[in-house]
2 protein chains.
Amino acid sequence: MLAKIYVTLKKGVHDPQGEAVHHALLSLGFRQVSDVRIGKYIELKLGEMERNEAEKKVTEMCQKLLANTVIEGYRFELE
Amino acid sequence: MLAKIYVTLKKGVHDPQGEAVHHALLSLGFRQVSDVRIGKYIELKLGEMERNEAEKKVTEMCQKLLANTVIEGYRFELE
């Protein structure tokens, strides 16, 4: 089973990396860009298990390690 | 228009960050995890434009700045 996890900064949390990329895009001439936010994309390979159990495990991994839940949110898909 | 961009290391490229997270998950007791790969997730807000043009622009941004195409691949969705 494959888990695709997206970790993003919560709304209102300052994103200096996104700002730097935004400035770089503007200076390359991409004036259509009005905002950039940068997050993490994590792919986890899991052994065979029930979908239910996988959901529980991945949620636990996000809470404990993969996301800093004070400033970051997460969502994931299982395939 | 919103572009959701996923930048991932190409197959075969060593991913030390993914390895570190893998070890951390194992040491937390998540023994079901057999592989971890870490990439970037980028959200771009774009002004109003044709879907066609947006696709062209975002491809150009990925090629020029957002992905290092020697070692990274990218894909994106437009909403």
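Please refer to the structure higher up on the page.
As a starting point, this report considers the structure included with it. Since the model is a prediction, treat every value here as computed from it, not as a measurement.

A few words now on the overall build of chain A. A count of helices and strands for chain A gives two helices and three strands. Helices and strands in chain A line up, N terminus first, as β-α-β-α-β. Scaling as 2.2 N^0.38, a compact globule of 79 residues should have a C-alpha radius of gyration of about 12 Å, whereas chain A reaches 16 Å, well beyond that. Within the span of chain A, comprising 79 residues, buried residues form 35% of the whole. A separation of at least 24 residues holds for 70% of the contacts in chain A among residues at least 6 apart in sequence. Accessible surface for chain A amounts to roughly 4500 Å². Of this, 50% is attributable to carbon and sulfur atoms. Side-chain charges of chain A comprise 12 positive and 12 negative groups, with the mean position of each set lying 4 Å from the other.

Moving on: the side chain of Glu72 of chain B. Residue and element names in this part refer to chain B. In this fold, Glu72 is placed in strand S3 (residues 72-78). Lacking a salt bridge, the buried Glu72 has Lys40 as its closest oppositely charged neighbour, with an N-O distance of 4.1 Å. In this structure Glu72 touches Val7, Thr8, Leu9, Lys10, Lys40, Leu66 and Ala67, once residues within four positions along its chain are discounted.

It is the contact of helix H2 (residues 51-66) of chain A with helix H1 (residues 16-27) of chain B, at a shortest axis distance of 11 Å, that shows an interaxial angle of 110 degrees. Judged by the angle between their axes, H2 of chain A and H1 of chain B are roughly perpendicular. The two elements H2 of chain A and H1 of chain B cross, and the hand of that crossing is right-handed. Contacts between H2 of chain A and H1 of chain B involve Met61, Leu65 and Leu66 of chain A on the former and, on the latter, Val21, Ala24 and Leu25 of chain B. For the contact of H2 of chain A with H1 of chain B, the residue count by class is six nonpolar, no polar and no charged.

An order of S3(A)-S1(A)-S2(A)-S2(B)-S1(B)-S3(B) is seen for the six strands of this open sheet, with the pairing classed as antiparallel. Single-partner strands in this sheet number two, and they are strand S3 (72-78) of chain A together with S3 of chain B. Taking each pair of neighbouring strands and ignoring which way they run, the sheet shows an average axis angle of 25 degrees. In the sheet, strand S1 (residues 2-9) of chain A pairs with S3 of chain A via seven bridges, with the strands oriented antiparallel.

What follows deals with the relation of the copies chain A and chain B. Take chain A, turn it by 180 degrees, move it 0.0 Å along the axis, and it overlays chain B with an RMSD of 0.0 Å. The superposition operator between the copies reduces to a two-fold rotation axis. Looking at chain A, 100% of its interface residues are interface residues in chain B too, so the copies touch through the same face.

Our next topic: the interface of chain A and chain B. Taken together, the contacts link 32 residues of chain A with 32 residues of chain B. By the criterion of area lost to chain B, the three top residues of chain A are Phe30, Gln32 and Tyr41 of chain A, representing 22% of everything that side buries. Viewed at the interface, chain B and chain A are joined by two salt bridges. Residue Asp35 of chain A pairs with Lys45 of chain B through a salt bridge whose shortest N-O separation is 4.0 Å. Between chain A and chain B we count twelve residue pairs in polar contact (both at pLDDT 80 or more) in total. Elements with a contribution of two residues or more to the side of chain A that touches chain B: S1, helix H1 (16-27), strand S2 (33-46) and H2 of chain A. For the side of chain A that touches chain B, the element with the highest residue contribution is S2 of chain A, accounting for 14 residues. Sheet analysis places S2 of chain A next to strand S2 (residues 33-46) of chain B, joined by 13 bridges and oriented antiparallel.

The rules behind the values
- Each chain has its residues counted from 1, following the order in which its sequence is written.
- Chain labels run from A onward and ligand labels from 1 onward, assigned in the order the entries are written.
- Local features in this predicted model are restricted to residues whose pLDDT is 70 or higher, and side-chain atom pairs enter the listing and the counts only when it is 80 or higher, whereas totals over whole chains, interfaces and linings include all residues.
- In computing side-chain properties, one takes all heavy atoms of the structure into account and sets aside hydrogens as well as water.
- Secondary structure elements are taken from DSSP: a helix is a run of H or I of four residues or more, a strand is a run of E of two residues or more, and numbering for both begins at the N terminus.
- A radius of gyration in this sense is built from C-alpha atoms; the matching globule rule multiplies 2.2 Å by the number of residues raised to 0.38.
- Burial here depends on accessible area, computed with a 1.4 Å probe over protein chains only, as a share of the maximum for the residue type. Under 20% is buried, over 50% is exposed, and the range in between is partly exposed.
- Here a residue-residue contact requires only that any non-hydrogen atoms of the pair lie within 4.5 Å.
- Here, Shrake-Rupley sampling with a 1.4 Å probe gives the accessible areas, and only protein chains in the shown set may cover a residue.
- Charged residues are defined here as Lys and Arg on the positive side and Asp and Glu on the negative side; His and the ends of the chain fall outside this count.
- For this purpose, a charge sits on NZ of Lys, CZ of Arg, CG of Asp or CD of Glu.
- The salt bridge criterion pairs a side-chain nitrogen of Lys or Arg with a carboxyl oxygen of Asp or Glu, the two atoms within 4 Å.
- A fitted line through C-alpha atoms represents every axis, and for helices the fit uses only the stretch in contact; the resulting angles, taken between N-to-C directions, go from 0 to 180 degrees.
- Should an angle lie under 35 degrees it is considered roughly parallel, over 145 roughly antiparallel, and from 65 to 115 roughly perpendicular; all remaining angles are considered oblique.
- What makes a crossing left-handed is the near helix being turned counterclockwise from the far one by less than a right angle; a clockwise turn instead makes it right-handed.
- Under the scheme applied here, ten amino acids are nonpolar (Ala, Val, Leu, Ile, Met, Phe, Trp, Tyr, Cys and Pro), four are charged (Asp, Glu, Lys and Arg), and all others, including Gly, are polar.
- Note: two strands are recorded as paired if DSSP finds a minimum of 2 bridges between them.
- Least-squares superposition aligns the copies on the C-alpha atoms of those residues with pLDDT at or above 70 in both.
- Summed over both partners, the accessible surface that disappears when two parts come together, traced with a 1.4 Å probe, is what is meant by buried area.
- A 3.5 Å cut-off defines polar contacts: any pair of N or O atoms within that distance qualifies, except that in protein one atom must be a possible hydrogen donor and the other a possible acceptor, and neighbouring residues in sequence count only when both atoms are side-chain atoms.

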